[in-house]
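Results of the structural survey
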Amino acid sequence: QVQLVESGGGTVQAGGSLRLSCSASTTIVSINAMYWYRQAPGKQREFIGFITSSGSTNYADSVNGRFTISRDNAKNTVYLQMNTLNPEDTAVYYCNTALRVSMNLWGQGTQVTVAS
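What counts, and at which threshold
Residues numbered from 1 in each chain as written. Predicted model: local features only at pLDDT ≥ 70, side-chain atom pairs only at ≥ 80, totals over all residues. Heavy atoms only, no water. Pairing = 2+ DSSP bridges. Helix = DSSP H or I, 4+ residues; strand = E, 2+ residues; numbered from the N terminus. Axes fitted to C-alpha atoms, helices over the stretch in contact; angles between N-to-C directions. Disulfide = S-S within 2.5 Å.

Re the sheet that holds strand β3 (residues 18-24)
- The antiparallel open sheet is built from 4 strands, whose spatial order is β1-β3-β8-β7. Only two strands of the sheet have a single partner each, and these edge strands are β1 (4-7) and β7 (67-72). Strand-to-strand, the axes of this sheet are offset by a mean angle of 15°, without reference to chain direction.
- When β3 meets strand β8 (residues 77-82), the two strands line up antiparallel, connected through 6 bridges. Counterpart to Leu18 in the pairing with β8 is Met82.

Quick notes on the state of the cysteines
- Evaluated as defined, the whole model comprises 1 disulfide.
- Here Cys22 is linked by a disulfide to Cys95, with a sulfur-sulfur distance of 1.9 Å. The disulfide joining Cys22 to Cys95 has a torsion of about 65° about its S-S bond and is therefore right-handed. Of this pair, Cys22 sits in strand β3 while Cys95 sits in strand β9 (residues 91-97), and the two are 73 residues apart along the sequence.

See the structure below:
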């Protein structure tokens with residue numbers, strides 16, 4: 001079972017940018033899709049988007065046009081580039097695979113705080 005570690009979170013001013021990383025313990029080449037989710041305080045976990053093994057991406061409407069997911073198979077790492085951040089983007093951000101999601105397995109995530 002692959003282990004995933006998210007990093008790159010922090011505090012940023014509204015309108016700013018952050019890039020999150022998701023490092024996998026094993027190769028991600030064979031993983032069909034890698035997902036990003038987030039959970040804001042008092043809210044349910046929210047789907048952000050995914051990237052397939054071929055590089056195709058899909059995003060939630062709330063982040064489409066502002067967030068970009070990419071992957072570096074050689075580094076076993078997936079990235080989430082977040083631009084034009086606003087306070088509503090404040091949340092803990094998680095990466096995951098479909099299998100781990102179905103098993104309700106989640107890492108520690110990385111906290112993103114957007115100050116107004």
